[in-house]
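What follows is each chain in one-letter form.
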Amino acid sequence: MNSKDIYRSVRNFLFSNLNKQFLVFLFFLLLSGIFWLMMTLNETYEKEVPIPVRVVAAPKNVVLTSREVDTVHAVINDKGWVLLAYLYGDRLGTIGIPFKSYDRNNGSGHVSSSELRRMVEQRLEISSKVVSIKPERLTFYYNNGESKRVPVRWTGRVIPDQMYFISHVVYNPDSVDVYASKEKLDSIRAIYTEPLNHVNFRDTLNVHCRLSHPSDIKVVPERVSISFHTDILTEETIDGVPIHCINLPKGKVLRTFPAKVKIHFISGARQVSTLRAEDFTVVADYREIEQNHAEKCNIYLRSSPQGTSRVTLDTKQVDYVIEEE
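Conventions adopted
- Residues numbered from 1 in each chain as written.
- Predicted model: local features only at pLDDT ≥ 70, side-chain atom pairs only at ≥ 80, totals over all residues.
- Heavy atoms only, no water.
- Helix = DSSP H or I, 4+ residues; strand = E, 2+ residues; numbered from the N terminus.
- Buried < 20%, exposed > 50% of the residue type's maximum accessible area, 1.4 Å probe, protein only.
- Phe/Tyr/Trp six-rings, centres within 6.5 Å; stacked < 30°, edge-to-face > 60°.
- Core = buried A, V, L, I, M, F, W, Y, C linked by side-chain atoms within 4.5 Å.
- Arc of directions from axis to C-beta.
- Pairing = 2+ DSSP bridges.
- pLDDT = per-residue confidence, 0-100.
- Contact = heavy atoms within 4.5 Å.
- Salt bridge = Lys/Arg side-chain N within 4 Å of Asp/Glu carboxyl O.

Q: Could you give an account of unusual backbone geometry, with specific residues and numbers?
A: A cis amide bond links Val-220 to the next residue, Pro-221, at an omega of -5 degrees. Within the secondary structure, Pro-221 sits in the loop between strand S15 (218-220) and strand S16 (223-246). In this structure, Pro-258 follows Phe-257 across a cis peptide bond, with omega equal to 5 degrees. Looking at the element boundaries, Pro-258 is found in the loop between strand S17 (252-257) and strand S18 (260-268). Although it is not a glycine, Ala-57 adopts a positive phi angle of roughly 60 degrees. Summarising the element assignment, Ala-57 is placed in the loop between strand S1 (44-56) and strand S2 (63-64). A positive phi angle is found at Asn-200, which is not glycine, with a value near 60 degrees. In this fold, Asn-200 is placed in the loop between strand S13 (196-199) and strand S14 (205-212). Its relative accessible area of 58% is what places Asn-200 among the exposed residues.

Dropping the structure here:
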């Protein structure tokens, strides 16, 4: 079948007696829809319209610590077709706030509700009326380029599956630049993420998240990537951990029996193979021995490697002798 035959078949189908009636119905349905839309858009409505606002003409040495582009929400009263143009067209554009006109020379600037209303009304049609504006006052913050580099830390609820634990956390980047007033910079030690909520995972968890900070602080970059590496928990034992003596005066030697002890702990399966007896520190305190004069002396776990938990000694007391050098 060639194109002429196809055209003839479609024409005969559309303009058969039955389909002629259907086409007439569709035409009047479309026409009535157009009239209904015109009447609807000609009615008066109140609609909230978001309008971008930007601080402009700031000096070169000034760094805006608040968001460079904010949004004003204006409730406008007008006919539907006008509101439609505001919402889906570029009629309103972005309102520029001259920096010098509203700077208070104290690290901040304020634009009152009446000023915001005036700026919005200048962009509206004559028939449009502003009913209300949010926020009532627009505030921006800045400094003269003072910054500080601080580490990133995660916060929230990140819990791996049972029998797994977080072996280490990798941040990318691991620190960010913070711009704020000198007083605030002095008090900032780290920047934290927005609260995270991830549970029951086994493999490495990769998260892309925003950083949380007050509105008068600028953080570069605003987003970071975090990798939570997991490992399987396992209970292990290391034998031969030496006992060291602390607070031992010159000329004295403390000998313990045994000289080395066994330690039980829980750690990740990957880390266990890298641990050695020398990574743990077990001590006996000479001053305590002198005070008690007991037959046995107490020994204590003083330090253990990062990533180990529930570290316990196989024994808490040992025999000893004190000798002169």
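Q: Describe the packing of aromatic side chains, listing the residues and the values that go with them.
A: Applying the stated criterion across every chain yields a total of four aromatic pairs. Ring geometry for Phe-265 versus Phe-280: centroids 5.4 Å apart, planes at 40 degrees, classification tilted. With Phe-265 in strand S18 and Phe-280 in the loop between helix H7 (269-272) and strand S19 (281-285), this residue pair connects regions lying 15 residues apart in the sequence. Like Phe-280, Phe-265 is buried.

Q: Can you explain the nonpolar core? Please cite residues and give values.
A: In this structure, Tyr-86 and Val-120 are the most contacted members of the largest nonpolar core, which totals 27 residues. Going through the elements one at a time, S1, strand S3 (69-79), helix H3 (80-88), strand S4 (95-98), helix H4 (99-102), helix H5 (113-121), strand S6 (129-134) and strand S7 (138-143) are the ones with two or more residues in this core. Element by element, the count of residues in this core is highest for S1, at four residues. Of all hydrophobic cores here, the second largest spans 21 residues; its members include Leu-185, Val-207, Val-224 and Phe-228.

Q: Give a description of H5 that names residues and reports values.
A: Listed as buried for H5 are Leu-116, Met-119 and Val-120. Projected down its long axis, H5 carries its buried residues within an arc of 100 degrees, all on one side.

Q: How would you summarise the sheet that holds strand S5 (residues 108-111) if you had to cite specific residues and measurements?
A: With antiparallel pairing, the three strands of this open sheet are ordered in space as S2-S7-S5. Two strands lie at the open edges of the sheet, namely S2 and S5, each paired on one side alone. Direction of pairing for S5 relative to S7: antiparallel, over a ladder of four bridges. Looking at S7, one finds that His-110 is bridged to Thr-139.

Q: Describe the confidence of the model for the chain, with residues and values.
A: Regions with low pLDDT should not have their predicted coordinates read in detail. Averaged over the chain, the pLDDT score is 87; the fraction of residues at 70 or greater is 88%. Mean pLDDT across the elements of the chain bottoms out in helix H1 (residues 3-14) (60) and peaks in strand S12 (residues 191-193) (97).

Q: Provide a residue-level description of the environment of Asp-203, including the pertinent values.
A: Mapped onto the elements, Asp-203 comes out in the loop between S13 and S14. Classification of Asp-203 as exposed rests on a relative accessible area of 62%. Separated by 25 residues in sequence, Asp-203 and Phe-228 place their C-alpha atoms 8.7 Å apart. In contact with Asp-203, not counting residues within four places along its chain, are Phe-228 and Thr-230.

Q: Pulling in residues and values, what's your account of the pattern of salt bridges?
A: Using the criterion set out here, one finds 13 salt bridges in the structure. In this structure, Glu-48 engages Lys-134 in a salt bridge whose closest nitrogen and oxygen atoms are separated by 3.3 Å. Here Glu-48, found in strand S1, pairs with Lys-134, found in strand S6; they are 86 residues apart in sequence, far enough to count as distant. On the accessibility criterion, Glu-48 (37% relative accessible area) is partly exposed. Where Arg-276 meets Asp-279, a salt bridge forms, and the shortest distance between an N and an O atom there is 4.0 Å. For Arg-276, a relative accessible area of 52% translates into the label exposed. For Asp-279, a relative accessible area of 26% gives the class partly exposed.

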